[in-house]
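Observations on the three-dimensional arrangement
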Amino acid sequence: MRLTIEHLSKQYRRDFWGLREFDLDVGPGVIGLLGPNGAGKSTLMRMLATITQPTEGTITWDGVDIVRSPDTLRASLGYLPQDFGVYQNLTGREFLEYLAAIKGLGGTSARRRIDELLIVVNLGDAARRPLGSYSGGMKQRVGIAQALLNDPQLLIVDEPTVGLDPEERVRFRNLLSDLSRARIILFSTHIVSDVEATATEIVVIHKGRKLRHAPPEKLLQLPEGQVWQWVIPSEALPALKQQHIISGTVRRQDGIQVRVVSADSPSPEAQPVPPSLEDVYLHLVSGNGVKQ
Amino acid sequence: MARADFLERARRYSFLIMLGLVVWLGYVTATGSLVMSVPPNYVGEINSPWVGALMTVSVSLFLGWFGFYLVKGSVSRDYETGVGQIIATTPLSRPLYVLGKWLSNFAVLGVMILILMIAGIAMLLLVGEGPFDAWALISPLLFIALPCMAIVAALAVLFETIGWLRGGLGNVVYFFLFTLVLSLSLSAKAPRPLLDFTGIRLVGDGVGHAAQVAYPGSDPGFAFQILNEIATPQRFRYDGIDWTAGVLLPRIFFMLVAFGLAMLAAVFFDRFNTSKSTVRRRKGAALSATEAAVPEAAPRPEVRLTPLVATRRFSFLALYIVELKMLLKGRRWWWYAITAGLVLLQLAASGDSTAAMLAITWLWMILLLSGLGNRESQHNTREMVFSAPRPVLNQLPALWLAALTVIALTGSGAFVRYLLGGDTPRLLAWFGSVLFIPALASALGVLTLSRKPFEVVYVTWMYLILNGVPPLDFVGMTPASPWLFYMLLAIGLFALAAFARKWQLRDRNLST
């Protein structure tokens with residue numbers, strides 16, 4: 001099971017590329033795609049999900065070019081789009097039955113799968129209610145369930161935790177970890193903690209280009225000795241923001257504890273601290289001109 | 001708000017299409033393919049008042065009828081996109097909101113009038129007789145066409161603020177409402193200015209009078225024909241409308257009516273408070289979205305997903321059944337009761353009445369059919385549905401077959417009647433229709449990704465069939481029904497839908 005992307009590019013307008021010269025070669029595991037809004041994550045995911053055609057480059061699934069023969073992948077694909085709708089008049093179960101039939105599933109195995117999925121996404125009690133009465137988080141969970149209907153070998157989930165409450169987010173992260181053993185899961189987000197909890201590999205994207213692809217532990221080595229922490233008076237914060245990338249602030253009785261990513265010590269009082277993934281992310285994207 | 005709304009719509013693809021149609025209308029009018037005449041063969045000299053009258057009738061008739069469908073949708077869009085929720089939190093009042101929408105609708109239709117006016121000027125400069133009189137050309141558009149468009153614009157807003165008229169049913173209701181008012185106005189023996197909001201009767205009477213002055217032998221009344229040249233036309237001079245107070249006051253009255261209708265819309269407008277909407281609820285489904293969002297306190301069972309067996313075979317039957325369920329889902333008991341009643345009426349009626357009942361039954365199916373081919377776009381499920389295997393070869397035939405089943409079942413009364421009566425021509429037309437109707441709906445749905453075009457085309461088509469137009473008669477109202485043509489056309493339309501869907505999947509970014 002191998003997903004290989006070579007020189008992948010997507011041009012939307014003459015002067016605008018959504019993705020540029022993107023390469024990736026991954027096997028089973030959870031691959032977290034991390035990047036700011038508009039970085040190109042959804043563009044990449046839509047191309048992998050055979051929804052959009054690339055302008056340049058190739059995508060191969062176990063050696064088969066999926067741009068030329070998308071049905072090769074579609075049979076093994078589960079996809080949760082970032083933005084999707086539902087049929088308001090159908091119940092949660094009916095909606096899953098409909099999509100199961102679309103994906104070529106039927107009979108008792110499909111029914112059993114739907115029953116299990118409804119429990120896994122915690123919609124067992126709401127399964128017979130029309131989707132029109134669901135909250136945003138519940139609809140998102142229906143979306144997660146439909147992506148898992150065909151027991152996909154490649155699961156692509158675009159911003160899946162949007163709209164989920166903290167408890168459901170944790171459940172979803174655990175579910176991804178459970179599923180990751182025998183499949184490739186591509187998981188895009190701009191929420192670092194989601195990736196931190198689940199990803200076996202992280203790909204950082206910015207402005208349509210891949211900045212880094214490595215396991216989390218390797219990424220954490222990047223800014224070692226470049227993350228600093230100390231307490232400053234509240235009124236000094238605006239000036240500090242102008243000079244440095246601030247990755248965190250905590251209000252205290254004696255002022256504000258700040259966390260700064262910087263190659264040199266930003267203040268005589270600053271103490272070096274171990275970097276977090278959030279620091280790494282800011283370090284990488286700021287190198288391309290983005291500050292928090 | 002009206003300006004932003006106008007710009008938003010002017011940049012839409014549908015606006016360009018309508019603009020193209022209006023340019024075509026201006027062209028056919030200017031080149032003489034669209035003829036206004038007094039029977040049998042009297043036509044006005046091509047001077048400024050005549051061209052003004054011609055353009056005014058074109059605007060009132062075509063934009064009065066179809067302009068509604070062009071402008072209707074801006075309030076619905078605010079509901080669908082969620083922009084409405086933002087607007088609801090601003091100090092903008094209900095009357096101001098609907099007023100803005102009305103003005104924006106009016107501006108869109110106004111642009112169409114402007115284009116036809118330019119076409120009229122071009123026509124006068126190219127083939128006109130006599131001096132160019134700008135006032136004679138513009139005044140009927142100003143006093144007749146504009147108030148008519150103001151009413152159309154206001155009705156579009158009013159329909160959108162009334163929940164049950166917002167969707168496809170409103171499109172059908174407007175078609176018959178416009179037809180009814182137009183027929184009442186044209187068929188009345190004496191002119192009824194307060195019924196003549198299109199102004200067609202006002203123009204027609206003036207034209208007829210001018211013809212009778214020149215040719216006392218001419219028939220009373222006037223005709224408006226498309227692509228039908230008059231053999232050896234005899235010309236008469238038409239000097240336009242004398243804008244007396246008696247003529248102008250009803251036109252001003254219609255502007256006030258339009259304003260009143262827009263304000264009436266403010267009464268029905270729920271200010272995007274969707275909790276007020278009459279969403280159907282079932283037993284056990286009574287929770288609102290907010291209530292449903294409350295997390296359950298009960299402990300949850302932990303379930304492991306059972307892996308699916310690797311060898312799966314695609315089941316077309318399963319897909320066909322879910323498509324059939326999808327088509328019928330959400331219909332209430334009274335919908336089934338009316339449908340059953342119509343099927344029984346087909347059985348009970350005989351001859352032409354059976355065919356008429358069949359046409360009415362299939363017209364009743366309009367809202368069910370108009371979702372074919374565009375459901376995924378309407379509900380934003382494209383990315384989920386089209387990332388499944390073979391979306392063209394699997395889903396489209398299942399959808400078409402499901403719709404075909406519904407059409408066949410709802411036409412079963414007539415089928416039995418024709419079978420028992422040995423009425424072979426009508427039986428063949430029945431088969432042709434069963435193939436053709438779902439194919440037409442699928443093709444228009446896939447091509448336009450919208451419900452509206454099919455609703456407009458289908459209701460107009462069925463209306464013409466019920467009024468006995470043999471070339472359009474796929475239902476079998478007349479013995480001359482070209483059933484074979486419609487059978488072949490059904491195949492062509494289905495192929496077109498399949499190619500269009502394939503093209504959309506292959507060459508277009510479906511998510512934008």
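Residues numbered from 1 in each chain as written. Chains lettered and ligands numbered in written order. Predicted model: local features only at pLDDT ≥ 70, side-chain atom pairs only at ≥ 80, totals over all residues.

Brief notes about the nonpolar core
Residues and elements named next belong to chain B. For the record, the criterion: Core membership is restricted to buried Ala, Val, Leu, Ile, Met, Phe, Trp, Tyr and Cys residues, and these are joined into a nonpolar core through C-beta atoms within 7 Å. To sort residues by burial, count the other C-beta atoms lying within 10 Å of each one's C-beta; a count of 20 or more means buried, 12 or fewer means exposed, and anything in between means partly exposed. C-beta atoms are built from the backbone. Secondary structure elements are taken from DSSP: a helix is a run of H or I of four residues or more, a strand is a run of E of two residues or more, and numbering for both begins at the N terminus. By definition, residues are in contact whenever their C-beta atoms, placed on the basis of the backbone, come within 7 Å of each other.
Grouped together as the largest cluster of nonpolar side chains are 215 residues, with contacts concentrated most on M149, A153 and A154. Of all the elements, helix α7 (residues 134–161) adds the most residues to this core, at 19 residues. Excluding residues within four positions of it along the chain, A153 makes contact with V71, W102, N105, F106, L109 and A258.

Examining the pairing of strand β4 (residues 56–61) of chain A
Residues and elements named next belong to chain A. Going by this rule: Paired strands, as defined in this entry, are two strands with at least two bridges between them according to DSSP.
Across five bridges, strand β1 (residues 3–13) lies against β4 in antiparallel orientation. Bridge assignment links S9 to a residue of β4, and that residue is E56. The sheet contact formed by β4 and strand β5 (residues 64–65) spans two bridges and is antiparallel. Within the sheet, the bridge partner assigned to T60 lies in β5 and is D65. Hairpin connection between β4 and β5: a loop of two residues separates the two successive antiparallel strands, and D62 in this loop has a positive phi of roughly 50°.

A look at the sheet that holds β4 of chain A
All names here are of chain A. This is how the line gets drawn: Where helices are involved, their axes are fitted lines through C-alpha atoms of the stretch in contact, as for all axes, and angles between N-to-C directions lie from 0 to 180°.
With antiparallel pairing, the four strands of this open sheet are ordered in space as β2-β1-β4-β5. Each end of this open sheet is capped by a strand with a single partner; those strands are β2 (16–26) and β5. Contacts from helix α1 (residues 41–48) reach β1, β2 and β4 within the one sheet, and its direction differs from that of β2 by about 60°.

As for the interface of chain B and chain A
For clarity, the threshold we go by: Think of it as three bins: nonpolar holds Ala, Val, Leu, Ile, Met, Phe, Trp, Tyr, Cys and Pro, charged holds Asp, Glu, Lys and Arg, and polar takes everything else, Gly as well.
The interface is formed by 42 residues belonging to chain B together with 51 residues belonging to chain A. For the side of chain B that touches chain A, the secondary structure elements donating two or more residues are α11 (289–292), α12 (316–328) and α17 (382–385) of chain B. Across the side of chain B that touches chain A, the residue classes break down as 24 nonpolar, 12 polar and six charged.

A short note on the sheet that holds strand β6 (residues 77–80) of chain A
Residue and element names in this part refer to chain A. Here we have six strands laid out as an open sheet, ordered β6-β7-β8-β3-β9-β10, and mixed in their pairing. Because the sheet does not close on itself, it has two edges, and the strands there are β6 and β10 (209–214). Shown here is a sheet whose adjacent strand axes are inclined to one another by a mean of 15°, direction ignored. Where strand β7 (residues 154–158) and strand β8 (residues 184–189) come together, five bridges link them in parallel fashion.

What to know about the domain arrangement of chain B
Residues and elements named next belong to chain B. Just so we agree on the cut-off: Where each domain begins and ends follows an automated or database-derived domain assignment.
Examined at the domain level, chain B breaks down into domain 1 (2–273) and domain 2 (316–507). Relative to domain 2, the C-alpha centre of domain 1 lies at a distance of 32 Å. Each partner contributes residues to the interface: domain 1 has seven residues there, and domain 2 has eight residues. Ranked by residues supplied to the side of domain 1 that touches domain 2, first place goes to helix α8 (residues 168–187) with five residues.

Notes on unusual backbone geometry
Residue and element names in this part refer to chain A. Unlike most non-glycine residues, T50 shows phi in positive territory, near 65°. As for its position among the elements, T50 is in the loop between α1 and β4. You will see that E159, though not glycine, has its phi angle at about 50°, which is positive. Relative to the helices and strands, E159 is located in the loop between β7 and α6 (166–179). Residue classification places E159 among the buried positions, given that 22 C-beta atoms sit within 10 Å.

Structural notes on α1 of chain A
All names here are of chain A. When you tally the buried positions in α1, you get eight out of eight residues, the bulk of the element. Residues of α1 that are buried include every one of K41, S42, T43, L44, M45, R46, M47 and L48, and no others. Looking one or two residues beyond α1, the residue adopting positive phi is T50, at roughly 65°.

Some details on the domain arrangement of chain A
Along its sequence, chain A is carved into domain 1 (3–219) and domain 2 (227–273). Averaged C-alpha coordinates put domain 1 of chain A and domain 2 of chain A at centres separated by 37 Å.

Things to note about the packing of helix α3 (residues 92–102) of chain A against helix α4 (residues 107–120) of chain A
Residues and elements named next belong to chain A. As a reminder, the rule being used: Orientation categories follow fixed angle ranges, with anything under 35 degrees roughly parallel, anything over 145 roughly antiparallel, 65 to 115 roughly perpendicular, and all other angles oblique. Each helix crossing is assigned a hand: it is left-handed if the near helix lies turned anticlockwise from the far helix by less than a right angle, otherwise right-handed if that turn is clockwise.
Between α3 and α4, the shortest axis-to-axis distance is 10 Å and the interhelical angle comes to 135°. Here α3 is positioned oblique relative to α4, judged by the angle of their axes. Here α3 and α4 pass one another in a crossing that is right-handed. Only A110, I114, L117 and L118 of α4 make contact with α3, whose side of the interface consists of G92, R93, L96, E97 and A100. Looking at the contact of α3 with α4 residue by residue, the class counts come to six nonpolar, one polar and two charged.

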